[in-house]
Amino acid sequence: MSPRAAATSEADQLAALVEDLRAREVGACELAIVLGSGLGVLAERVEDARVVDYTELAAMPRSSVPGHAGKLVVGRLAGVRVVLQQGRVHLYEGFGYHEATRAVRAFASLGIIKLVLTNAAGSLRLAWNPGTLMRIEDHLDLQGKVRLARKQAANGSPWDKRLGAALDAAARHVDVALERGVYAALLGPSYETPAEIRMLRTFGADAVGMSTVAEAQAAWAAGMRVAGVSCLTNHAAGVTDSVPNHEEVVEEGRKASKRFCDLLEAAAPRL
Ligand code: HPA
């Protein structure tokens, strides 16, 4: 397939997704929240919730990773019209940049202005125990896919200072501790070696994960304001003796879910 044919087909796929979402009134939302592994419970706080299964959306890529439900939940969170994306696709599953970012680009096309990206991540700081919530102040893109898709990307850092300050204010309001730090995104799918974690620490990373930066860059390039929250579900490799595993990631995400939900519910009207 020529690059032009591939570009056309991505444009068609995006247009199809936008139309399917518009038909389900997703365009009326002010805020989109992408929920990471184990963080899907925020849907329980949504009033007048309507569920759109990804199987209804032909152009929506679907994840096979446990902990990612594959549903959109549309409704009101603390009075704000929201769409929650329960389940995202990852580059390590074999999806490309366009597939990994299609949903957020569709949200932007529908006129949704604000985006909060959430994820589970490993903590590079000994003092930040499993369950710590960290606002993403900036990132290290070590996945290398965004730059390949330069036309869709934008230069600089996508993390919006005003939205970040609103998250900080929300955290104070509900008395939830919220750290701030740099999220390093690697391709995965395996967790890092202790040597890689030491390298990331010298690079300035506070947390490590396998998602989020492509969506952040794409959404920002499409005109959205972007904020992010990592739930630090484990110490990264070599920070302590324990070795990260996916079950622990999902389980610690669940344990942190009350604080995570309190934070996002308080944030929704402040963003
Ligand atoms: N490394 C990479 N990704 C992760 C981790 C980790 O330790 N924990 C949760 N997602």
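The preceding data block contains the structure.
A brief structural summary. (Residues numbered from 1 in each chain as written. Predicted model: local features only at pLDDT ≥ 70, side-chain atom pairs only at ≥ 80, totals over all residues. Heavy atoms only, no water.)

A separate point is the nonpolar core. Nonpolar side chains in soluble globular proteins generally cluster together in the buried interior. Core analysis: the biggest nonpolar cluster contains 39 residues, and Leu 21, Leu 72, Val 83, Phe 107 and Leu 115 have the highest contact counts within it. Broken down by element, the residue count for this core peaks at five residues, all from helix α2 (residues 97-109). (Core = buried A, V, L, I, M, F, W, Y, C linked by side-chain atoms within 4.5 Å. Buried < 20%, exposed > 50% of the residue type's maximum accessible area, 1.4 Å probe, protein only. Helix = DSSP H or I, 4+ residues; strand = E, 2+ residues; numbered from the N terminus.)

What the rule picks out here adds up to 13 salt bridges. Here Arg 45 ties to Glu 265 by a salt bridge, and the two come within 2.6 Å at their closest N and O atoms. Taken as a pair, Arg 45 in the loop between β1 (31-35) and β2 (47-53) and Glu 265 in helix α7 (residues 257-267) lie far apart in primary sequence, 220 residues in all. A salt bridge links Arg 225 to Asp 160; the nearest nitrogen and oxygen atoms lie 2.9 Å apart. Placement of the pair is Arg 225 in strand β9 (residues 225-235) and Asp 160 in the loop between β6 (132-141) and α3 (161-174), with a sequence separation of 65 residues. Arg 225 sits in the partly exposed class, given a relative accessible area of 26%. Sharing partners across several salt bridges, the network here consists of Arg 45, Lys 258, Asp 262 and Glu 265. (Salt bridge = Lys/Arg side-chain N within 4 Å of Asp/Glu carboxyl O.)

Turning to the site of the ligand, a few remarks are in order. Taken together, the neighbourhood of the ligand is formed by Ala 120, Ala 121, Gly 122, Tyr 191, Glu 192, Val 208, Gly 209, Met 210, Thr 233, Asn 234 and Val 249. One nitrogen or oxygen atom from the side chain of Asn 234 is found 2.7 Å from a nitrogen atom belonging to the ligand. With three residues, strand β5 (residues 114-123) is the largest single contributor of residues to the shell around the ligand. (Near = heavy atom within 4 Å. Polar contact = N/O pair within 3.5 Å; in protein donor to acceptor, adjacent residues only side chain to side chain.)

Moving on to the side chain of Arg 88. The topology assignment puts Arg 88 in the loop between β4 (80-86) and α2. Of the polar contacts made by the side chain of Arg 88, one reaches the backbone oxygen of Thr 118; its length is 2.9 Å. In terms of polar contacts, Arg 88 uses its side chain to reach the side chain of Ser 211, at 3.5 Å.

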